[in-house]
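A look at the structure
Chain residues, written in single-letter form:
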Amino acid sequence: MTALLSIQGVTKVFGGLTAVDNVDLEIAELSISSLIGPNGAGKTTLFNCLTGLHRPENGEIVFDGRSLVGLRPDEITERGVARTYQNIRLFGRMTALENVLVGQHLRLKSSHWSAILRTAGQRAEEHAARESGRELLEFVGLEGQENVVSTNLPYGDQRLLEVARALGSRPRLLLLDEPAAGMNPRETDRMMELVHRLRDERDVTVFLIEHDMKVVMSISESVSVLDYGKKIAEGTPMEVRSDARVIEAYLGPEVAVQGSAEAVGK
Amino acid sequence: MRHDTVTRSVKTGLVAFACLSYLILVGIPGRIGGAALPSLALIAALVFWFNFRRNEDFRTVPERDRGSTGAEGKPGWQIGTNHAPAANDTVPLLPAGISGLNLHLGLAAGATTGLLIAICSSVIVAAIGNGVSIQPVFDKMVPLNVAALVGVSPGQIAQADVSPFRYLLQTVYFAGAGILAALAVTTGGARLTDAARSDRLPVNLSAPKILAAGRLAGLALPIVLLAFIVLLGLPGVSAFGSNEGTVRLLLTLVATGSGLFAHRLSRPGRERRIVTVLLGLGVLMMPFVLDQFQNSVMGLVFIYVMMGLGLNIVVGYAGLLDLGYVAFFAIGAYTYAFLSAPFSSPYISNLLLLLNISPDSPLLGYWMALPVAMLTAAIGGILLGIPVLRLRGDYLAIVTLGFGEIIRLFMLNMGELTNGPRGILEISQPSLFGFAPEAFFGLLSSQGWTFLLALISSALIAIVAIRLNSSRLGRAWFAMQEDEDVAEATGVHLVRTKLLAFAIGATFAGMAGQLYAARQINIFPENFSLFVSIDALALIIVGGIGSPAGIVLGALALKGLPEVLRGVDEYRIVAFAALLVIMMIVRPAGILPSPRRRVQLTAPEEQGPPELSDGAEEDFREPLEKKAAPLNGPEKDEAQ
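Residues numbered from 1 in each chain as written. Chains lettered and ligands numbered in written order. Predicted model: local features only at pLDDT ≥ 70, side-chain atom pairs only at ≥ 80, totals over all residues. Heavy atoms only, no water.

1. A word on the overall build of chain A
- Secondary structure summary: chain A contains 12 helices and 10 strands in total.
- Expected size for 266 residues packed as a compact globule is a radius of gyration near 18 Å; at 19 Å, chain A falls within 12% of this value.
- Each principal axis of the C-alpha distribution contributes one length, and for chain A these read about 70 × 40 × 35 Å.
- Looking at chain A as a whole, 58% of its 266 residues qualify as buried.
- Counting contacts in chain A only where the partners sit at least 6 residues apart, residues at least 24 apart contribute 68% of the total.
- Carbon and sulfur atoms form 50% of the exposed surface of chain A, whose accessible area is close to 10800 Å².
- Within chain A, the 38 negative side-chain charges are centred at a point lying 6 Å from the centre of the 30 positive side-chain charges. (Helix = DSSP H or I, 4+ residues; strand = E, 2+ residues; numbered from the N terminus. Rg over C-alpha atoms; globule rule 2.2 N^0.38 Å. Buried < 20%, exposed > 50% of the residue type's maximum accessible area, 1.4 Å probe, protein only. Contact = heavy atoms within 4.5 Å. Areas by Shrake-Rupley, 256 points an atom, 1.4 Å probe, with all protein chains shown as cover. Lys, Arg positive; Asp, Glu negative; His and termini not counted. Charge placed at Lys NZ, Arg CZ, Asp CG, Glu CD.)

2. Points about the pattern of salt bridges
All names here are of chain A.
- The tally for this structure, following the rule as stated, stands at 28 salt bridges over all chains.
- Arginine 172 is the salt-bridge partner of aspartate 64, the closest N and O atoms lying 2.6 Å from each other. Taken together, the positions of aspartate 64 in the loop between β4 (58-63) and β5 (66-67) and arginine 172 in the loop between α6 (155-168) and β7 (173-177) put the pair 108 residues apart, joining distant regions of the chain.
- When its relative accessible area of 29% is taken as the criterion, arginine 172 is described as partly exposed.
- Between arginine 190 and aspartate 157 there is a salt bridge, and its shortest N-O distance comes to 3.9 Å. (Salt bridge = Lys/Arg side-chain N within 4 Å of Asp/Glu carboxyl O.)

3. As for the sheet that holds strand β3 (residues 32-36) of chain A
Residue and element names in this part refer to chain A.
- Read from one edge of the open sheet, six strands run β6-β7-β8-β3-β9-β10, paired in mixed fashion. Two strands close off the open sheet at either side, each with one partner strand: β6 (81-83) and β10 (230-235). Pairwise comparison of adjacent strand axes, ignoring direction, gives a mean angle of 20 degrees for this sheet.
- In this structure, β7 lies alongside strand β8 (residues 205-209), joined through five bridges in parallel fashion. Within β8, the residue paired with leucine 176 across the bridge is leucine 208.
- Packed on one face of the sheet, helix α1 (residues 43-50) meets β3, β6, β7, β8 and β9 (222-227) and runs near 145 degrees to β8. (Pairing = 2+ DSSP bridges. Axes fitted to C-alpha atoms, helices over the stretch in contact; angles between N-to-C directions.)

4. A short note on the pairing of β4 of chain A
All names here are of chain A.
- Sheet analysis places strand β1 (residues 3-14) next to β4, joined by five bridges and oriented antiparallel. Each residue of the ladder has a partner; that of glutamine 8, found in β4, is glutamate 60.
- Relative to β5, β4 runs antiparallel, the two sharing two bridges. Bridging from a neighbouring strand, valine 62 pairs with serine 67 of β5.
- The hairpin formed by β4 and β5 contains two residues between the paired strands, and aspartate 64 there has a positive phi angle of roughly 55 degrees.

5. Side note on the domain arrangement of chain A
Residues and elements named next belong to chain A.
- Segmentation of chain A into domains returns domain 1 (1-80 + 171-266) and domain 2 (91-166).
- The C-alpha-based centres of domain 1 and domain 2 are spaced at 28 Å.
- Taken together, the contact pairs 21 residues of domain 1 with 14 residues of domain 2.
- Across the domain 1-domain 2 interface, the total number found is three salt bridges.
- Here glutamate 78 and arginine 107 are joined by a salt bridge, their closest N and O atoms 3.4 Å apart.
- The interface formed by domain 1 and domain 2 includes eight residue pairs in polar contact (both at pLDDT 80 or more). (Domains from an automatic or database assignment. Polar contact = N/O pair within 3.5 Å; in protein donor to acceptor, adjacent residues only side chain to side chain.)

6. Topic: the layout of surface pockets
- Roughly 650 Å³ of volume is contained in the second largest pocket.
- Lining the second largest pocket we find 27 residues, and of these Trp113 of chain A together with Met374, Thr507, Phe508 and Met511 of chain B sit closest to its centre.
- Within the residue set of the lining of the second largest pocket, elements represented by two or more residues are α4 (112-117) of chain A together with α18 (366-385), α21 (446-469) and α24 (494-520) of chain B.
- Of the residues that constitute the lining of the second largest pocket, the class distribution is 24 nonpolar, three polar and no charged. (1 Å grid on protein atoms, 1.4 Å probe; cavity = no way out; pocket = protein on both sides within 12 Å on 5 of 7 lines; lining within 4 Å. Points joined across faces, edges and corners; volume = space filled by probe spheres on them. Nonpolar A, V, L, I, M, F, W, Y, C, P; charged D, E, K, R; others polar.)

7. So, the domain arrangement of chain B
All names here are of chain B.
- The assigned domain composition of chain B is domain 1 (2-62 + 94-289), domain 2 (318-430 + 440-527) and domain 3 (529-605).
- Facing the five residues of domain 1 at the interface are eight residues of domain 2.
- Roughly 590 Å² of surface becomes buried between domain 1 and domain 2 when both sides are summed, with 87% attributable to carbon and sulfur atoms.
- Sorting the residues of domain 1 by area buried against domain 2 places Leu284, Pro287 and Phe288 first, and these three jointly supply 80% of that buried surface. (Buried area = accessible area lost by both parts, 1.4 Å probe.)

8. A few points about the side chain of glutamate 178 of chain A
Residue and element names in this part refer to chain A.
- Note that glutamate 178 resides in the loop between β7 and α7 (185-202).
- One buried charged side chain, glutamate 178, makes no salt bridge at all; its nearest oppositely charged neighbour is lysine 43, positioned 5.1 Å away.
- For glutamate 178, the side chain forms a polar contact with the side chain of histidine 211, separated by 3.4 Å.
- Ignoring any residue separated from it by four or fewer positions in sequence, one finds glutamate 178 in contact with Gln86, Arg159, Ile209, Glu210 and His211.

9. A look at the pairing of β3 of chain A
All names here are of chain A.
- Burial of β3 is extensive: five of the five residues sit out of reach of the surface.
- Side chains Ile32, Ser34 and Ile36 project from β3 onto one buried face, and the interleaved Ser33 and Leu35 project onto a second face that is buried too.
- Summarising the sheet, β3 and β8 pair through four bridges and their orientation is parallel. Within β8, the residue paired with serine 34 across the bridge is leucine 208.
- Pairing of β3 with β9, which is carried by four bridges, proceeds in the parallel orientation. Across the sheet, isoleucine 36 pairs through a bridge with valine 225, a residue of β9.

10. Digging into the packing of helix α22 (residues 472-482) of chain B against α24 of chain B
Residues and elements named next belong to chain B.
- At a closest axis distance of 10 Å, the pairing of α22 and α24 adopts a crossing angle of 105 degrees. As far as their axial angle goes, α24 and α22 are roughly perpendicular. Each of Leu473, Ala476, Trp477 and Met480 in α22 lies in contact with α24, whose residues at this interface are Leu494, Thr497, Lys498, Leu500, Ala501 and Ile504.
- Its residues assigned to classes, the contact of α22 with α24 comprises eight nonpolar, one polar and one charged. (Parallel < 35°, antiparallel > 145°, perpendicular 65-115°, else oblique.)

11. As for the packing of aromatic side chains
Residues and elements named next belong to chain B.
- Per the counting criterion, the structure on display carries 12 aromatic pairs over all chains.
- Where phenylalanine 302 meets phenylalanine 451, the ring centres are 5.5 Å apart and the plane angle is 50 degrees; that geometry is what we call tilted. Here phenylalanine 302, found in helix α15 (residues 292-317), pairs with phenylalanine 451, found in helix α21; they are 149 residues apart in sequence, far enough to count as distant. Judged on exposure class, the residue phenylalanine 302 and its partner phenylalanine 451 are both buried.
- On the numbers, 5.9 Å between centres and 75 degrees between planes, the contact of tyrosine 325 with phenylalanine 328 is edge-to-face. Judged on exposure class, the residue tyrosine 325 and its partner phenylalanine 328 are both buried. (Phe/Tyr/Trp six-rings, centres within 6.5 Å; stacked < 30°, edge-to-face > 60°.)

12. Overview of the sheet that holds β4 of chain A
Residue and element names in this part refer to chain A.
- Taken in spatial order, the four strands make up an open sheet running β2-β1-β4-β5, and their pairing is antiparallel. Both outer strands of the open sheet, β2 (17-28) and β5, are each paired with one neighbouring strand and no more.
- Strands β1, β2 and β4 of the sheet are contacted by α1, whose axis makes an angle of about 115 degrees with β1.

13. Observations regarding the nonpolar core
- By size, the foremost hydrophobic cluster in this structure holds 89 residues, and its most contacted members are Phe328, Phe329, Trp477, Ile523 and Phe528 of chain B.
- Two domains each donate at least three residues to this core, and these are domain 2 (318-430 + 440-527) and domain 3 (529-605) of chain B.
- Excluding residues that lie within four positions of it along the chain, phenylalanine 528 of chain B makes contacts with Val326, Phe329, Ala330, Ala333, Tyr334, Arg408, Tyr516 and Ile523 of chain B.
- The next biggest cluster of nonpolar side chains, apart from the first, holds 36 residues, and it includes Ala129, Phe139, Val195 and Val204 of chain A. (Core = buried A, V, L, I, M, F, W, Y, C linked by side-chain atoms within 4.5 Å.)

14. Here we look at unusual backbone geometry
- Of note in this structure, aspartate 203 of chain A is not a glycine but carries a positive phi near 55 degrees.
- For aspartate 203 of chain A, the location among the structural elements is in the loop between α7 and β8.

15. Description of the environment of isoleucine 36 of chain A
Residue and element names in this part refer to chain A.
- With respect to the secondary-structure elements, isoleucine 36 resides in strand β3.
- Each C-alpha atom of the pair isoleucine 36 and valine 223 lies 7.2 Å from the other, and the pair is 187 residues apart in sequence.
- With residues near it in sequence (within four places) discarded, isoleucine 36 still touches Lys43, Glu210, Met213, Val216, Val223, Ser224, Val225, Leu226, Val240 and Tyr250.

16. Looking at α1 of chain A
All names here are of chain A.
- Within α1, seven of the eight residues are buried, which leaves it mostly tucked inside the rest of the structure.
- When we look at burial in α1, the residues that qualify are Lys43, Thr45, Leu46, Phe47, Asn48, Cys49 and Leu50.
- Looking at the residues trailing α1, positive phi occurs at glycine 52, about 85 degrees.

Written out as structure tokens, the structure is:
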């Protein structure tokens, strides 16, 4: 397995705060990897650097052999990186299907002139886009909801819709920012199953931030841990779970001395 | 209970007739003219409807609960969706909430009113037929308004040149149109499901029958009116004497209004196409039927419609608050002025002399100048767009406001280039294949020609705007409006999308500006003050942001109404302001809001998932979207 995404020495500074500090990471193609760490560890900032919302001060981000640093967010999406957001950021007044259609924006090629003239090609493309949008909604489990305005969807469904919208751009790498946050156990199970299906049926590499350790430990093949912007551990879930520095980061030094590995697993 | 209902509706009809009579006595129809009845009937029907809806709200919960079970229990009332394709295929004109009871009441009230008016009119006719001199009676009453109401001018009565037959004909015609209008309004908006829930309808008068009748009435109304307008247009026909002009204006307005009704009521497919054609005919007939003054007002109104549609792309679709929109209007106007007026600045004439062109003759005709004006305005839009790309909200509004003023001050102070405050005079008129339009249409005045051009341009702009809005560009605009960062991260090229919005909006303003210059003949920098921007923005907000049909209504209300209200002279601005205030209280999202705005402005808990397929702008979308409809009603009921 080759590395689809490789991050070398990425540093992002906000004023005096180094949010991401010289982080190296590799994401293997068709893997499911997680990024964990305490609140404020710089996980979302790292995601923002990957998707072009922030420009890192230092370091190199190589996706599929080409650098992503300095590209605009839409160019990065064009290359095949899509994401969801920690606090759901759907286009609230648009319907579910329209949200997914915006996700497909990049992959639609008909010109605006053809939209004015309503050429056969444009109509066919729109029709195909709607079909595939519907198909994506069905894939994430939102069949029949396409005309519901997205703010009116239940919370868990809004998260699913974010995934569907991200899939609209046909990404190779999908960044999920706390996909299971605020979900009940049943919804969490659904989300985990979805993540597996993303990889198995859609050939999407998944890189996710998550706080729910049950999710992290059960679905990820590799886990990286950030603390105060630095990467402090990396490895399989089992390895990370027993890493003393990780336990210290999460539970404080005294607990770490006791060496209770199970504490992290909780 | 049924007896009660009937009594109530008859009472309502009596009240309506009393109101109409009062209006007649006060003298309103005399000012509006002979088309008063259909208009008043429409207004009355709308009032009934509002009234009934309020009554409905008082007893919503128990009634609905009972209704959902009662509908199944009663043998005559098993109306599933498949039993009534007629009502299901049509898009409801008015929101849900009308029950069968309301339908029935409205109908009976409308019929009563119409009947009473017909009786009164026939009494008058009978009196004339028997040689009774009517005029003294009327003189003792208020100046001959009753006659005006049924479409006979005071002069005609005075000269006794009115044949009872024609009098009767017109009475019947107007009473009929009034009943049709009342019928269409009260039934047009009803949803069958709501009607079915109410178990108060008489058994022999079933909801589907009423609905079908109302639908047919709504469809018939514009046809009847159009036929009448055509009749009016025939040489030698003068039905209304001194009120002729006003009557024609109102008739065409009512005809197009009812055409819109019919459009909403019609089934998709052939029926809708026919109605659309009729509607288009009705609208296109206006410039030919109206007089010079009306045409000039309507021309201005539709120039503002063009601007409103363009500004709507920037503000309504892309969500960029642009307060300097007048700049592009001015650019379009001055570009055309430079190209077509004898005045040219020393710079330009020197250049022309170098090129061996006489500076005195117009450089380009209207049609050749059109792309130039559009292009210059578009370039202006991009030039404004580039510096404000990073600005949002209030900051954007201030900068654009400044840009609008800069252009005006530029025109004012660059005297050598623009002739400064003296303006540019004698701008040439749009021709038709090189001839003056009068050569083609004897019927069409010069103002009518401007109006016709504005109408056609508005239609083209509306089509372009609607189509762009329903394409991927429109989705990108809306996504950008919702969340700029996420839109960019989802793959929307922000710079291109924003600049396109500015450029397309500016292009349309340029078109409007050019037509405005041609209409005014002489233009001055003061024509392009901040108030033009404010008017354009206000008409969008009044009409309903994002909705082209709303913009037309907004322009009529904002630019047309003050002119119509000239009859009320000193009170007209007060009346106008009051209308605006009432409007914003009654319909805060605008007269005809786009479905999306409705989503924004209504509290989420009040409504179920709204379907987005019932707005005018959504008409071009694929019918597949209508699958959402079942989500509205049934689920909500189960939840309760």
